Structure formats: C-alpha cells, structure tokens
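One-letter residues, chain by chain:
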Amino acid sequence: MKSLLRQLTTLSAIAATTCSAAIALPLQVSAAQFGQQPIADDRIVAVAEPVNNGRFYNLLIIEQLSSARRCWQEQGNNPTIVNPLLLTFDFSGICGRSSDSNGYSVRVNGEDLGSRYRLRVEQQGDSLVLVASPSPLQRGLPKLELGRSTGVVNDFVKLELDAGWTLTRRVFNGQTLGHIYLTNNQPLDTVIAASGARQPTSPRPPISSPTPRPLPTPPSGNPLPRPGSPPRNNDNIDYQVIVPGGSALLRSRVNSVEPGAFRTTVNGQSVIQAGRFREQSRANELRQRLVQAGLSAQIVEVAQVNSPTTPTPSTPSANVIYQVIVPGGSALLRSRVNSVEPGAFRTTVNGQSVIQAGRFREQPRANQLQTRLQNAGLDARIVQTTGTAASPPSSPSPRLPTPAARQGEVLIMIDPGHGGRDPGAVGRNGLLEKEINIFIARRLQSTLEQRGYRAALTRTQDVEVDLQPRVDIAERANATIFVSIHANAISLSRPEVNGLETYYFSTGRNLARAIHSSVLRSTDLRDRGVRQARFYVLRNTSMPAVLVETGFVTGREDATRFQSTAAREQIADAIAQGIIDYLR
Ligand SMILES: [Zn+2]
C-alpha cells in the first residue's frame, strides 16, 4: 500500500509547491481517489487537547475500533470533559488516535481539502472552536467553523460538531483507511455561507494576536520584570530568558546565539525562549550575549516547572523509584495537578486511581514536587517502588506509552526536536527542521530495532512537545541513553557553513564521540566537532544524553543532502551504528 501511495504522490500536483512539501512525510493523494464511510456518533469523538498547560489546544480524534475496552469517557457539560482512557493501556487495535494532519483532514462535498485547509482549535471567548483555516497558499478562502466546546478548561474538552459536519473514515479501493475526515456533504459555497453566518460579526482576535501587547520591558540594569505576582520564594523561581516575537527568522537569530532556543508563549504572547535558569547570574549572562547580538532579550521570573536546572549528581540506588501521586482520578483533580505539573496523568497504584505528577530516581526531586503540590493544597504523597515490579503497569506518559525498561534492559530514547507549531529552523528551499528530525528519528528507531535494540521516540508525530515532557518521557521509560535529533541553522546568507556537531553536557561524552565519528565515517558531512553545551534536555536527563545537529538547513551542501531521502537515511543509520558501538 505504501508504494502505491508513493506512486500516486508523484502523480499528484505536489511539484508545484515547495521542496519541503515534496519531501514531507504525509502522503497526499489526489482527492478523486478516495471515498468516505460514515462512523457512528458514539464510536468517535473530537477533542481539544491542552498543550503547554492549556496555553493552546490541539485537535485529537479518538475512535472506538473494537469493544474490548472503552477508549474514552465523558463527564459533565459546560464543557464536557473527555477522559482519554486509551492512554492508560496499550490501545493498539482497540482505539484509533489521530492528532495531526496525517490523521485527519477536511472533506467537503466529496472533495478532499486537506491541502487547502488545516484543522486547528482556537480559543474564542469562552469556547474552544474547531476551525479549518486556509493554507498559506490559499489566501482567498475564508476560514470555516466546524464545531465548538461549551466552555474552556485546562483538560481534554469535547468539541461538538456544527450541523452538517460529521466524522467519516477515508476509503480507498474499497478498503477503509485510518485517516479520518471532518466531512460536510453540502457544496463548499453553502458551507462557507453557513459558517460565515455562524461567526460573530466582530470575531474576537485569536490568542496569538498579530499586534501583541508589549511585554513588560525592564529598565536597563534591572532585567527582572515580574508579570503577575509569582512567588517571591527563591526556591521556586526560574529566570527565563526570552526574546519577544515568534517568527522563524527571529528564532533562527536567537538560535545562532543559543542553539537550544525554542518558541513558546509568555502571558499569551509568542516569545523565543533562549534559556531558563535557577541562577539569576546565568540568566543575566545569556541575556547579555543576546543583547550583544542585537536582540531585545528580557528576563522573566517564572514559577519553577520542575527540578533544578543544574543536574543533581545522582547516585541513585539502582532499584528505587520515587513516584509522586495525588490519590483520586477525577478530571478536575487531574486538571488541578496539571496546573502545578503539566505532565501529570491518571494511572493506578495498587488498584486505586491516582494522578501521577512525577516519577524520579532522586528522592530530593520527588520531595520538591511533593512540596509544590502540597503548597497548591493537594494531598500529594510519595510512593517508593522498587524496580518496575511494584510500580504501576507501564505507567504510560500521556504522549508516549513506552513501557519502562526493566533493570538491565537497554532502551534507547530518541528525541526528534521541535514539532507541531514549532518548526525548528527553517532553511533553504523551505526545509523544515522538524520534518528532518522526525524522519531521521523514525529511521533511527527502525534501524535500531532491526538490530535487536529497543528504541522509543519522545514524539511520534508532528506535534509540539515541550522540553520538560521530553525529559519526563525518558525518565519514566527508564531509558539507558537519550539521543536528541536536530538540524542546525545559522543564516540563509551563510551557505558556506555546513557540517555535523554533536553535543553532550556531562555524562554523554563517550556516546557523543561514538556517534560523531560513525556519522563522519559514513557520510560526507563536514566535521564541526564534538562540543559541550547546556541544552535543556542534556542538563535535565539522568542518563547519558547527546544532541546531534545533523547538518545546517541553511548550508548549501547540507540543505542539498537533506533533500535526499537516501542521504537522511544514511545519517540515521550512521547514528544507529554509533549508538551500537557505544553500547557494546
Ligand atoms: Zn533544533
């Protein structure tokens, strides 16, 4: 099926768009090839999934494929909360889960509009609205409303579809496929008219307004604005170094000073976060470097999300894990725990429902989280488990149900950088770093598995995952090593800068060397060295961790290489060989 779809891809009119579309993973097949099949209302649900602690929402579609176990549960009205039960068990074959444009698209009057419309969830007043917004090349098309919630909370919220819209399944040559359509069977003109009539005459601006309110600007010399009133307790404060704005260009400029920078939001406004520190002096240092590069960097005090940023030299007694839980299982409780610890999720301990807020090998980290939860009025407890035998079955992360590695078992955690709304670096010919990263990561995983190693990904799809959850996924899975995959960028005016850089912070040095030399052996990438750097995922993981910058999307040579599938696979396979060399 794959090869057939690939052939169809080349036949369709993709050549007209950019190179990045031509190499993009989603396979676009011309619309006429597909049919649609209805799905019973009670077998499928559209959900707004909170991302980044409810700062924005992603469309998640859950489908009940078999009746073996319930995939979700609904509670309440205004809004209706969806409890995604599928996250608590291995749902393959039982539930379907679509969370990006590979999994769902818009179909109107028998025509696939996936290349013309993107599905998004927007907050409009006190509703979460499911909209189809026209792709960048379709400026003439109006935005469509497809459904909305009856309220907003930081939880999984049910989206009720507007009249005329249903969820259907893609059919090809009589075979049903996994792809879900948001379907309307009326002509597009009628749909547009109906959608326009439903929208308020003066719609509220979307969350990321094009003219953002200015962030509090510190008087020079005192780089510490205090948005809101965060706790003054120094133990609970991080110093976040940001540059207001959210463009790919800005991000790439910040990246050239601090390679780990990424896009996020502060007080609802787009910013590039260059760093986050416990120590104010380090934040000042970074801010100064950014200012010297002509960037308007600021420091914002924020309540700590997790763990000290300086790695705790851990001498954990190999077997003991400290699990921080809050007894109970309601969506409300989960949402309260989430507001303290965004990665929290529902699970069971000794047969009882709990919200697990964290799981650590170091007791001080567990204590710290317990205190933060107790300060928020939650009945947090620490459960000490030995190995994985006594811990809850596989304690899945909400994003990646990777069963934790047993003691002595090797698990390689692969971390494809960026994703979703965070494209990472944007390079020549529209190359998107996030697409390169996930491609190499997937190939790396399959190569390692073919060679008998267990490997897992921190994200398997094109979704935005914050940095701490990536660390959490690796820690929960008890990974042996952590390998983050990125592509580098400097500036489009520097095509001569090309080459491989491999980073470590503390324990990853030998792993970095093994990977670096393997990639140099099997590719013609230039050698830009093994380097030490303070990337978040390197500082905060407890296992040997490296970050591989697999080439420059802005470099002439490297960008050309990235455009070749075979060359990307070669890089991935060489990383795999390096990992195996290290583990032997
Ligand atoms: Zn990156």
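Remember, it's a predicted structure, so these values are computed and weren't measured experimentally.

Side note on the sheet that holds strand S15 (residues 175-184)
Consideration 1: In space, the five strands of this open sheet follow the order S1-S14-S15-S7-S8, with mixed pairing throughout. Because the sheet does not close on itself, it has two edges, and the strands there are strand S1 (34-38) and strand S8 (111-112).
Consideration 2: Both strand S14 (residues 165-172) and S15 contribute to a ladder of seven bridges, which runs antiparallel. In the sheet register, Val171 faces S15, and the bridge partner there is Thr176.

Structural notes on the pairing of strand S27 (residues 500-504)
Consideration 1: Judged by how many residues are buried, S27 sits mostly within the fold: five of five residues are covered.
Consideration 2: Side chains Leu500, Thr502 and Tyr504 of S27 all project onto a buried face; the interleaved residues Glu501 and Tyr503 project onto the opposite face, where all are buried too.
Consideration 3: One ladder, built from four bridges, connects S27 with strand S28 (residues 527-532); its direction is parallel. Counted as the bridge partner of Leu500 is Asp527 from S28.
Consideration 4: Crossover handedness for the path S27 to helix H10 (residues 509-522) to S28: right-handed.
Consideration 5: Alignment of S27 against strand S29 (residues 545-552), held across four bridges, turns out to be antiparallel. Paired with Tyr503 across the bridge in S29 is Leu547.

Thoughts on the pairing of strand S24 (residues 411-416)
Consideration 1: Within S24, six of the six residues are buried, which leaves the element mostly enclosed by the surrounding structure.
Consideration 2: Residues of S24 alternate between two faces, with Leu411, Met413 and Asp415 on one and Ile412, Ile414 and Pro416 on the opposite face, all of them buried.
Consideration 3: Direction of pairing for S24 relative to strand S25 (residues 454-457): parallel, over a ladder of four bridges. In the strand pairing of S25, Ile414 is matched with Leu457.
Consideration 4: Across five bridges, the pairing between S24 and strand S26 (residues 481-488) is parallel. Following the sheet pairing, Met413 is matched in S26 by Phe482.

As for the packing of H10 against helix H13 (residues 565-583)
Consideration 1: Axis separation between H10 and H13 bottoms out at 8 Å; the angle between their running directions is 140°. The orientation of H10 with respect to H13, classified from their angle, is oblique. Pair H10 / H13 crosses with right-handed handedness. Here H10 contributes Asn510, Leu511, Ala514, Ile515, Ser518, Val519, Arg521 and Ser522 to the contact with H13, which in turn contributes Gln570, Ile571, Ala574, Ile575, Gln577, Gly578, Ile579, Asp581 and Tyr582.

Description of the sheet that holds S24
Consideration 1: Spatially, six strands are ordered S25-S24-S26-S29-S27-S28 in an open sheet, and the strand pairing comes out mixed. What marks the edges here is a single partner per strand, and that holds for S25 and S28. Going from strand to strand, the sheet's axes swing by 20° on average, the running direction of each strand aside.

A short note on the nonpolar core
Consideration 1: Counting residues in hydrophobic clusters, the biggest one holds 62 residues, and the most contacted among them are Ile412, Met413, Ile414, Val483, Val546 and Ile575.
Consideration 2: With seven residues, helix H8 (residues 433-450) is the largest single contributor of residues to this core.
Consideration 3: Those residues in contact with Ile575 that sit more than four places away from it in its chain are Leu444, Val483, Ile515, Val519 and Val548.
Consideration 4: Judged by nonpolar contacts, the second largest core, of 60 residues, contains Ile61, Tyr104, Ala132 and Val326.

Points about unusual backbone geometry
Comment: phi is negative for the bulk of residues other than glycine, and the bulk of peptide bonds are trans.
Consideration 1: The phi dihedral of Asn109 is positive, around 55°, even though this residue is not glycine.
Consideration 2: Mapped onto the fold, Asn109 is located in the loop between strand S7 (104-108) and S8.

A short note on the packing of H8 against H13
Consideration 1: In contact at an axis separation of 8 Å, H8 and H13 are set at 50° when each is read in the N-to-C sense. Accordingly, the angle class assigned to the pair H8 and H13 is oblique. Here H8 and H13 pass one another in a crossing that is right-handed. Residue-level contacts link Ile436, Phe439, Ile440, Arg443, Leu444, Thr447 and Leu448 of H8 to Arg568, Glu569, Ile571, Ala572, Asp573, Ile575, Ala576 and Ile579 of H13.
Consideration 2: Here the contact of H8 with H13 is built from residues that sort into ten nonpolar, one polar and four charged.

Looking at helix H9 (residues 467-476)
Consideration 1: With nine of ten residues buried, H9 is to be regarded as a mostly interior element.
Consideration 2: Taken together, the buried positions of H9 are Leu467, Pro469, Arg470, Val471, Asp472, Ile473, Ala474, Glu475 and Arg476.
Consideration 3: For H9, the elements touching its buried residues are strand S22 (352-360), S24, S26 and helix H11 (536-539).

A closer look at the environment of Ala572
Consideration 1: Locating Ala572 in the fold gives a position in helix H13.
Consideration 2: As a C-alpha pair, Ala572 and Asn437 span 135 residues in sequence and 9.8 Å in three-dimensional space.

Topic: the environment of Arg361
Consideration 1: Relative to the helices and strands, Arg361 is located in the loop between S22 and helix H7 (363-375).
Consideration 2: Given 20 C-beta atoms within 10 Å, Arg361 falls into the buried group.
Consideration 3: Separated by 181 residues in sequence, Arg361 and Ser542 have C-alpha atoms that sit 8.6 Å apart.

Observations concerning helix H5 (residues 280-292)
Because each turn of an α-helix spans 3.6 residues, side chains separated by three or four positions end up pointing in the same direction.
Consideration 1: The first and last C-alpha atoms of H5 sit 18 Å apart over 13 residues, in line with the 18 Å expected at 1.5 Å per residue.
Consideration 2: Looking only at H5, the buried set comprises Ala283, Leu286, Arg287 and Leu290. Here the buried residues of H5 occupy an arc of 105° about the axis, which is enough to place them on one side. Residues of H5 that are exposed and point over 90 degrees away from its buried face: Ser281 and Gln292.
Consideration 3: One or two positions beyond H5, positive phi appears at Gly294, with a value near 85°.

Thresholds, definitions, all that
Residues numbered from 1 in each chain as written. Predicted model: local features only at pLDDT ≥ 70, side-chain atom pairs only at ≥ 80, totals over all residues. Pairing = 2+ DSSP bridges. Helix = DSSP H or I, 4+ residues; strand = E, 2+ residues; numbered from the N terminus. Buried ≥ 20, exposed ≤ 12 C-beta atoms within 10 Å, placed from the backbone. Right-handed = clockwise from strand over helix to strand, strands pointing away. Axes fitted to C-alpha atoms, helices over the stretch in contact; angles between N-to-C directions. Parallel < 35°, antiparallel > 145°, perpendicular 65-115°, else oblique. Left-handed = near helix turned anticlockwise from the far one by under 90°. Contact = placed C-beta atoms within 7 Å. Core = buried A, V, L, I, M, F, W, Y, C linked by C-beta atoms within 7 Å. Nonpolar A, V, L, I, M, F, W, Y, C, P; charged D, E, K, R; others polar. Expected span 1.5 Å × (residues − 1). Arc of directions from axis to C-beta.

Interpretation in functional terms is not warranted from these geometric data alone.
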